[in-house]
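# Overview (structure and organization)
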Amino acid sequence: MKKSAFITSLLLLSTMYVCAQTPVYLDEKAPLEQRVQDALSKMTTHEKIRMCHGQSKFTSAGVPRLGIPQLMMSDGPHGVRAEISWNSWAYADWTNDSIVAFPALTCLAATWNPQISAIYGNAVSEEFAYRKKDVMLGPGLNICRMPLNGRNFEYMGEDPYLTGEMAVPYIQSAQKNGVACCVKHFALNNQEVDRFAVNIKVDERALNEIYLPAFKKAVQKGGAWAIMGSYPLWNGVHCCQNDTLLNKILKQQWGFDGAVISDWGGVTDTWQAATGGMDIEMGSYTNGMTKESEFGYDDFYLGNNFEKLINEGKIPMSVLNDKTARALRTIFRTAFNRNRAYGNICSEAHYTACRQIGDEGVILLQNKKGILPIEAKKYKNILVVGENATRSLTKGGGSSELKTKRDVTPLEAIRGMYGNDVDYAQGYSSGRVMYDHVDNVSADELARLSSEAVEKAKKADLIIYVGGMNKNTKQDCENSDRDDYNLSYGQNELIARLAKTCPNIVAVMISGNAYAMPWKNDVTAIVQAWYLGSEFGNTLCDILSGEVNPSGKLPFSFVNKLNDCPAIALGKESYPGINKQQTYKEGILVGYRWYDMKKIKTLFPFGYGLSYTIFKYGKPKLSASTMSEGDYITLTTTVTNSGKRTGKEVVELYIGDEKCSVLRPVKELKGFKKILLNPGETKTVTFAITYEDLKFWNDKSHSWTAEPGMFKAYLCSSAEDVKGEIEFELK
Ligand code: GLC
């Protein structure tokens with residue numbers, strides 16, 4: 001054999017020898033499962049245990065010896081939270097972690113536009129990637145069961161179909177950048193009062209038809225890589241260690257292959273967490289949010305105590321291997337994924353995305369005299385009133401709060417748009433932003449601010465009121481629910497006084513929840529804006545000026561009075577629970593499902609939103625009047641823009657089961673399409689109605705069932721505005 005050939009084969013053999021020794025988990029081209037199994041085979045029991053719980057406030061361990069990276073986690077659903085200290089809740093006071101605050105997820109839901117959701121997921125995850133975070137703790141998919149919940153602003157409304165459809169593109173586009181979504185809070189985290197201890201009883205149909213579907217879609221269609229277990233108890237067991245919820249439903253029935261991460265402090269018992277499906281325990285030995293303890297991270301429930309049970313053979317190694325495999329899968333998909341995006345923060349692309357989301361999510365609720373959009377030259381004295389016109393609403397609210405580089409307030413933007421002579425009066429004060437405390441502002445101070453505003457209103461020919469709620473405790477804030485459906489700080493009286501003083505008043509309301517509007521008929525226009533993030537003021541001016549034609553629609557109902565809401569009307573056991581025992585007595589009849597059934601007129605219904613133009617609907621047509629199992633039929637209709645402005649309309653499809661052996665809502669959202677129409681333009685909108693759309697959860701067979709008989713398709717512009725309906729039969 002020639003010398004050169006000999007040397008080549010020697011080199012080849014040695015390379016093969018080295019490769020054989022190189023752990024497969026280092027070979028990113030190897031299939032994921034092979035990398036996982038290879039890493040598992042090289043890890044000690046202790047290294048596996050360490051991977052199943054936090055090693056700091058927001059990180060869980062890798063395997064330094066093997067070069068397997070740790071998992072870096074961060075809040076939240078609307079942007080990358082400022083860096084928190086390694087070992088405590090204190091902020092680390094970095095100077096390079098100011099980011100873009102994107103609009104709250106209620107605003108995203110209000111766009112009813114899955115393409116906007118994909119833009120959102122991509123942009124926000126690029127910021128996580130740049131900040132070297134592997135897991136973003138969001139999106140939140142809990143259903144808005146009643147309008148007092150402090151965290152509804154982090155969720156996507158009262159309907160599971162809208163929530164699920166809007167979650168999927170966000171998750172898919174976020175994870176394309178190699179950042180894991182940790183969909184939360186799984187499950188039944190629908191209030192903040194007693195959130196760590198309330199034990200929830202909910203009937204099987206409501207669980208499967210209302211509270212689980214968005215999470216199931218996030219896992220099976222969105223491909224979520226992580227899920228956060230929630231604080232409350234379901235049937236007496238904490239959701240963070242609930243075998244039925246995490247092992248049977250999530251992992252076995254839904255096929256979830258990622259990691260279940262606990263909410264911070266959500267694990268309370270080693271045996272339950274070890275055998276109940278918890279994979280990565282975070283935040284233990286705190287009271288969930290503030291108190292630290294002297295315990296080290298190995299003292300976590302899935303630390304030494306768990307390792308002891310494994311070493312004594314009381315829990316099989318297969319249980320630990322499954323947890324570790326799920327953590328490894330998440331690491332290989334993110335931190336150990338060389339194709340992970342590098343991302344960026346505070347790019348113009350992200351500010352543009354932020355503004356685009358807001359532009360499509362702001363809702364026009366009322367527009368008498370066509371006062372909007374504002375024609376500047378018509379007014380000589382514009383007065384802006386309201387504390388929210390000058391407040392940064394990206395701070396506060398709990399774990400979703402953000403530290404922003406840019407934060408355009410409404411007053412700045414309005415003055416930029418209509419001139420610096422636009423006057424301002426605070427009108428009311430909400431005191432200091434404090435977590436878990438309410439800063440009581442004196443009645444005298446409120447009276448002073450109110451009178452000052454009314455005095456200025458006497459000279460105004462247009463008032464732009466910017467008020468509503470904020471991120472203080474007992475407003476839209478984690479760990480507290482509102483006590484009252486009314487706006488705080490004397491706003492209702494203030495708005496009524498202002499409306500009496502000036503005939504042109506546009507009420508721009510910022511909130512993440514519904515609220516009473518006793519002044520609805522006193523004001524000229526009402527704009528429901530959300531926590532719009534870094535482009536807050538610019539987005540509002542886009543809408544007020546007509547630069548953008550509003551196209552948002554409500555993701556939850558605005559009831560006239562709180563007792564119209566079923567969760568409230570059905571008594572204390574229904575909300576907030578009695579002695580931490582709670583029953584969701586309304587069952588499947590959440591939101592419009594209840595108002596339809598009980599024929600309760602709302603203030604503004606689910607799916608409602610006006611435009612600066614007018615849309616006319618044609619009659620719905622079906623491709624067939626009957627369908628059978630596994631079949632589908634198509635429904636078409638036309639929509640015409642009969643106004644003078646280009647605009648977007650959301651066409652909503654609801655399906656109703658005319659006759660069924662069990663109680664079913666009158667109609668349920670099963671489809672929606674957002675279309676752009678130029679003046680005079682007509683478009684045809686087509687929906688496929690599938691057999692799946694007709695099913696309900698059968699709590700006898702514990703499966704999805706459709707009963708033959710007559711069904712009705714409703715084409716709507718809102719839950720209370722049926723533009724056309726047509727019957728068909730399921731054979
Ligand atoms: C909080 C929240 C959760 C958040 C976590 C970390 O208690 O419930 O949404 O992601 O702790 O801050």
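Everything that follows concerns the structure shown earlier in this document.
Sequence order as written defines residue numbering, which begins from 1 separately in each chain. Selection of residues for local features in this predicted model requires a pLDDT of at least 70, selection of side-chain atom pairs for listing and counting requires 80 or more, and totals for whole chains, interfaces and linings are taken over all residues. Excluding hydrogens and water, the side-chain values take into account all heavy atoms of the structure.

## Remarks on the pattern of salt bridges
Any Lys or Arg side-chain nitrogen located within 4 Å of an Asp or Glu carboxyl oxygen qualifies as a salt bridge. Evaluation of the coordinates by the stated rule reveals 53 salt bridges. Here Glu-165 and Lys-217 are joined by a salt bridge, their closest N and O atoms 2.8 Å apart. Of this pair, Glu-165 sits in helix α6 (residues 160-175) while Lys-217 is found in helix α8 (residues 213-220), placing the two residues 52 residues apart along the sequence. With respect to class, Glu-165 is no different from Lys-217; both count as buried. Residues Lys-458 and Glu-455 are paired through a salt bridge, measuring 2.9 Å at the closest nitrogen-oxygen approach. Residue class for Lys-458 comes out exposed when judged on its relative accessible area of 54%. In this scheme, a residue with accessible area under 20% of its type's maximum is buried, one over 50% is exposed, and one in between is partly exposed, where area comes from a 1.4 Å probe on protein chains only. On the basis of relative accessibility, which here comes to 44%, the residue Glu-455 falls in the partly exposed class. A network of salt bridges, in which partner residues are shared, links Arg-151, Glu-154, Glu-192, Arg-195 and Glu-478. Only DSSP runs of H or I covering at least 4 residues are called helices, and only runs of E covering at least 2 are called strands; the numbering of each starts at the N terminus.

## So, the sheet that holds strand β14 (residues 505-510)
Two strands qualify as a pair provided that DSSP identifies no fewer than 2 bridges between them. One open sheet holds the six strands; their spatial order is β10-β15-β14-β13-β11-β12, and the pairing between them is mixed. Looking at strand neighbours, the two that pair on one side only are β10 (363-367) and β12 (423-425), the edges of this open sheet. This sheet shows a mean twist of 15° between the axes of neighbouring strands, independent of strand direction. As judged from the six bridges shared by strand β13 (residues 462-468) and β14, these two strands associate in the parallel manner. Each residue of the ladder has a partner; that of Ile-463, found in β14, is Ile-505. Fitted lines through C-alpha atoms serve as axes, helices being fitted only where they are in contact, and the angles separating the N-to-C directions of these axes extend from 0 to 180 degrees.

## Here we look at the packing of aromatic side chains
When two rings of Phe, Tyr or Trp (its six-membered ring) have centres within 6.5 Å they constitute a pair, described as stacked for plane angles under 30 degrees, edge-to-face for angles over 60, and tilted for the intermediate range. Evaluated as defined, the whole model comprises 25 aromatic pairs. On the basis of an interplanar angle of 80° and a centroid distance of 5.6 Å, the ring pair of Phe-58 and Trp-89 is categorised as edge-to-face. Of this pair, Phe-58 sits in the loop between α3 (45-50) and β1 (59-60) while Trp-89 sits in the loop between β2 (71-74) and α4 (105-111), placing them 31 residues apart in sequence. A single burial state applies to Phe-58 and to Trp-89, both of which are buried. Arranged with centres 6.5 Å apart and planes meeting at 35°, the rings of Tyr-428 and Tyr-465 form a pair that is tilted. Taken as a pair, Tyr-428 in the loop between β12 and α15 (443-457) and Tyr-465 in strand β13 lie far apart in primary sequence, 37 residues in all. Taking relative accessible area as the criterion, Tyr-465 reaches 0% and is therefore assigned buried. An aromatic cluster is built from Trp-112, Tyr-161, Tyr-592, Phe-606, Tyr-654 and Phe-672, whose rings are joined through pairwise contacts. A ring has a charge above it when a Lys NZ or an Arg CZ is no more than 6 Å from the ring centre and no more than 35 degrees off the ring normal. Arg-35 extends its terminal NZ or CZ atom over the ring of Phe-332, reaching a point 4.3 Å from the ring centre.

## Observations regarding the pairing of β14
Most of β14 is tucked away, with six of its six residues classed as buried. Handedness is read with the strands pointing away from the viewer; a crossover is right-handed when the path from the first strand over the helix to the second is clockwise. As for the winding sense of the linkage, the β-α-β connection from β13 through helix α16 (residues 491-501) to β14 is right-handed.

## Some remarks on unusual backbone geometry
Cis geometry marks the peptide bond from Asp-75 to Gly-76, where omega comes out at -10°. Relative to the elements of secondary structure, Gly-76 occurs in the loop between β2 and α4. One non-glycine residue, Asp-93, adopts positive backbone phi at about 55°. Locating Asp-93 in the fold gives a position in the loop between β2 and α4.

## What to know about the side chain of Ser-545
Tracing the backbone shows Ser-545 in helix α17 (residues 536-545). Contacts between residues were defined by any pair of non-hydrogen atoms, one from each residue, lying within 4.5 Å. The contact partners of Ser-545, leaving out residues within four places of it in the chain, are Pro-373, Ile-374, Met-417 and Tyr-418.

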